[in-house]
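Examination of the molecular architecture
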Amino acid sequence: MTHPSYLGKYLRLNDERKKSLTKRGPPVSKPTQVKLTAFSEDPATSFVSQQVDKLVMDYIVGDLQPLSKVEKRSFIKLVTGLQPSRHVPSRKQAQTLLNNAFQLNFCDLKNKLPEVDVICMTADCWSTVNKVFLGITVHWLNKNNISQRSSAVLACPLSEVHKEFRIQNKIVCTVTDNAANFVKAFNCFAEDFATADENTDPDVDSDNGATKNEQGSTSPTDAASESFDEEDDMEPEPLSALEDPRLPPHRRYMAHTLNLVAKDTKKVTDKQYKTLSRSVFAKASALWNWVKRNPKASDFVEGKLGIGFVFPNDTRWNSVYLVMKRLSHIATLTSKPDCLERFSAEEISFIHKFVDVMRPLASALNILQGEKNIFFGYLAPTIVQLQNDLNGLSEESTNPTAALCLIACCPLILNILQSLKTRVEGMVEKKEHCQPCSCQYSSWVEDEEKRLLYRAMLKRELLTCNSDSELPSSGLKKNPQNLKGEADTYLDAPPTDGFAEYMLLPRLKKLFLKYSTALPSSAPVERLFSIGGQIFRPRRNRLGDESFEKQLLLNAKRKLKEV
């Protein structure tokens, strides 16, 4: 034995080990397979940190909350109470998440828009808390399903949109309201297109040359038409300093034009109509003020009638029609409600007839200010139908057996017709307005001569249109007979509600995308203002421009997806 002295030490340590094992009991055997719960919690309640951050950002953007919300103690308790193992992102992290989401949306649009063939833009101005903003939205149709319209909000100066998103020669038009500032800007910098507006037009609303505030009204102090003295002392930036000052073709907001037509009804000079209408609206205004300011009166009316009154709102174009329509409906609930006892039988009858006269105009406004299920081809038929309805009411009012109140409303009908003639005269005859209708409706004009004219116009347009399936390198020439046959096939087919025939006629589909992608109104961009008003609350008036822009665009993107 080499080290006999270590033997005793080894035996002693071995005895101590056996005694310790005896006290602890037999060793526990370890399982050969590891359970999943050893690595993770319940999958139904387990969220990774990125998911928590995404949900928090969705809440802030969706409900237009300030970034300081993540520092609120109640919000932190809510998140940690639902998921104790996760932490709430700090305010700085929330700002980073907002920037990343905005950049991701921006890059997605830069990759998507160059693949679109035809794009329509809407633009409008808005001002609040001494700041001015320009809103821009873009709209396009799906080439594989032309009944589907897509929309997006852009954050870019109007003159740089086509460069930033690589959509040169794809913007068919920019739709704005009839404010004098927009009309002048597009007249000065518009590209040389046949669809550009003329320099003078009765539709120009010189009083609306201001940017809109958060209530939707205009700010007279910002109006270009009222600041000539100040502008005389200011030197504008020279055109040579601008890389490309050209703007896309311009189209007026037709719903705004119809709203101006409705405003012209205040200019009726007939003595009988003015006497009756002033009496009705004076009593109605007193009734609205009484119900609006007196909670007891409001509760009494709703308890007695089951419905309440609708109050006038200057920012809603159909406001007068809607309040008079509700008044007319209340008058039909009983023989004569107590709240209408001040109105005579003649005035009640006038209210009913006023609603009947204004209904076609209100319906046309509702159609043209749509966003999803609307095409530019709806514009001319809607105007034609409006004129036909008003002409029918005018003929009915001249009937000897007509009601007295309808006869009293005859000056109102004639005023609307005259205003339509002044503001919309010759619009249906323009190519950019009648061509979309020919592409979308085989027959919408009663005049046979005009119908043949539009038919020939569609055939000529098809001769200059190449379908996506045509290959220039094939050396095949277009056959005019085939193109005319394609037009005749569409025009002679019975009317349908779908768009299946366009998928079978490729040249007609391309023509439809060219002329019907445009919107007849700029209502989509004006809806941004309501979102902006919710962001710029009184307690957030120090919000920076970039943060405001990012929250607005991301929230608008969410709402466009939900539509």
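Reference entry: report on the structure contained in this document. (Residues numbered from 1 in each chain as written. Predicted model: local features only at pLDDT ≥ 70, side-chain atom pairs only at ≥ 80, totals over all residues. Heavy atoms only, no water.)

1. Looking at the overall build of the protein chain
Counting its secondary structure elements, the protein chain contains 22 helices and five strands. A buried classification covers 42% of the 563 residues belonging to the protein chain. Nonlocal contacts in the protein chain, meaning residues at least 24 apart in sequence, comprise 72% of its contacts between residues at least 6 apart. (Helix = DSSP H or I, 4+ residues; strand = E, 2+ residues; numbered from the N terminus. Buried < 20%, exposed > 50% of the residue type's maximum accessible area, 1.4 Å probe, protein only. Contact = heavy atoms within 4.5 Å.)

2. Observations regarding the pairing of strand β4 (residues 171–176)
With five of six residues buried, β4 lies mostly within the body of the structure. Sheet topology places strand β1 (residues 119–128) next to β4; four bridges connect them, and they run parallel. Note that in β4 the partner of I119 across the bridge is I171. Sheet analysis places β4 next to strand β5 (residues 250–252), joined by three bridges and oriented parallel. What sits directly across from V175, in β5, is R251. (Pairing = 2+ DSSP bridges.)

3. Looking at the pattern of salt bridges
Counted by the stated rule, this structure contains eight salt bridges. With a shortest N-O distance of 3.5 Å, D264 and K267 are connected by a salt bridge. Overall, the relative accessible area of 10% leaves D264 in the buried class. Look at K267 and you get exposed, because its relative accessible area is 58%. Bridged by salt links that share partners, the residues D264, K267 and R423 form one connected network. (Salt bridge = Lys/Arg side-chain N within 4 Å of Asp/Glu carboxyl O.)

4. Things to note about the nonpolar core
Nonpolar side chains tend toward joint burial in soluble globular proteins. Counting residues in hydrophobic clusters, the biggest one holds 63 residues, and the most contacted among them are L258, F309, M324, L327, L340 and F343. Looking at which domains feed residues into this core, each of domain 2 (101–253 + 521–562) and domain 3 (254–429) gives three or more. Leaving out residues up to four positions away in the same chain, M324 has contacts with V280, F281, W288, I351, F354 and V355. (Core = buried A, V, L, I, M, F, W, Y, C linked by side-chain atoms within 4.5 Å. Domains from an automatic or database assignment.)

5. Overview of a nonpolar patch on the surface
A contiguous nonpolar patch, built from L7, Y10 and L11 and spanning about 310 Å² of accessible area, is present on the exposed surface. Considering the arrangement of structural elements, one finds L7 in helix α1 (residues 5–24). On the basis of relative accessibility, which here comes to 38%, the residue L7 falls in the partly exposed class. (Patch = residues over 30% accessible without salt bridge, like charges linked within 9 Å, V, L, I, M, F, W, Y side chains within 5 Å. Areas by Shrake-Rupley, 256 points an atom, 1.4 Å probe, with all protein chains shown as cover.)

6. Here's the deal with the environment of C465
Note that C465 resides in the loop between α17 (448–463) and α18 (480–491). Considering only alpha carbons, one finds C465 and P506, 41 residues apart in sequence, at a separation of 9.8 Å.

7. Notes on the packing of helix α8 (residues 254–263) against helix α15 (residues 410–424)
Two elements in contact, α8 and α15, have axes whose closest approach is 9 Å; the angle formed by their N-to-C orientations is 140 degrees. If you check the angle between α8 and α15, you find them oblique. Of the two possible hands of crossing, α8 and α15 adopt the one that is right-handed. Listed contacts from α15 to T257, L258, L260 and V261 of α8 are I416, S419, L420, R423 and V424. Looking at the contact of α8 with α15, its residues break down into six nonpolar, two polar and one charged. (Axes fitted to C-alpha atoms, helices over the stretch in contact; angles between N-to-C directions. Parallel < 35°, antiparallel > 145°, perpendicular 65-115°, else oblique. Left-handed = near helix turned anticlockwise from the far one by under 90°. Nonpolar A, V, L, I, M, F, W, Y, C, P; charged D, E, K, R; others polar.)

8. Quick word on unusual backbone geometry
Most peptide bonds take the trans form, and the phi angle of most residues other than glycine is negative. Even without being a glycine, L64 presents a positive backbone phi close to 55 degrees. On the secondary structure map, L64 appears in the loop between α2 (49–62) and α3 (73–82).

9. Side note on the sheet that holds strand β3 (residues 149–154)
One open sheet holds the five strands; their spatial order is β3-β2-β1-β4-β5, and the pairing between them is mixed. Looking at which strands have only one partner, the edges of the open sheet turn out to be β3 and β5. Averaged over all pairs of adjacent strands, the angle between their axes in this sheet comes to 30 degrees, without regard to strand direction. Contacts between helix α21 (residues 523–535) and the sheet are confined to β1, β2 (131–141) and β3, with β1 contributing the most and set at about 35 degrees to the helix.

10. Quick word on the pairing of β1
For β1, the buried fraction is high: 10 of the 10 residues fall into the buried class. Here β1 shows no split at all, with I119, M121, A123, C125 and S127 on one side and C120, T122, D124, W126 and T128 on the other all buried. Sheet analysis places β1 next to β2, joined by nine bridges and oriented antiparallel. Looking at the pairing, C125 lines up with L134 of β2. The turn joining β1 and β2, which pair antiparallel and follow one another in sequence, is formed by two residues; a positive phi near 40 degrees is taken by V129.

11. Description of the state of the cysteines
Evaluated as defined, the whole model comprises zero disulfides. C120 takes part in no disulfide bond, and the closest cysteine sulfur, belonging to C173, lies 4.1 Å away. C120 gets classed as buried once you look at its relative accessible area, which sits at 0%. There is no disulfide at C409, and the cysteine sulfur nearest it, in C405, is 6.8 Å away. (Disulfide = S-S within 2.5 Å.)

12. Points about helix α12 (residues 345–368)
Residue pairs three or four apart in sequence face the same way in an α-helix, which turns once every 3.6 residues. With 24 residues, α12 should cover 34 Å at 1.5 Å per step; its first-to-last C-alpha distance of 35 Å lies within 8% of that length. At R359, α12 shows its largest bend, some 40 degrees, and a proline, P360, comes one to four positions later. (Expected span 1.5 Å × (residues − 1). Bend = angle between axes of the 7 residues up to and from the residue.)

13. A closer look at the packing of aromatic side chains
On inspection of all chains with the given rule, the structure shows 14 aromatic pairs. Taken together, the ring pairs in this structure connect W126, F133, F529, F536 and F548 into an aromatic cluster. Taking NZ or CZ as reference, R251 lies 4.5 Å from the ring centre of F376, over its face. In this arrangement the basic side chain of K292 is found over the ring face of F311, its NZ or CZ atom lying 5.7 Å from the centre. (Phe/Tyr/Trp six-rings, centres within 6.5 Å; stacked < 30°, edge-to-face > 60°. Lys NZ or Arg CZ within 6 Å of the ring centre and 35° of its normal.)

14. Brief notes about the side chain of T176
For T176, the location among the structural elements is in strand β4. Looking at T176, its side chain comes within polar contact range of the side chain of H250, at 2.6 Å. The contacts of T176, once residues within four sequence positions are left out, are A123, F182, F186, H250, R251, R252, Y253 and S522. (Polar contact = N/O pair within 3.5 Å; in protein donor to acceptor, adjacent residues only side chain to side chain.)

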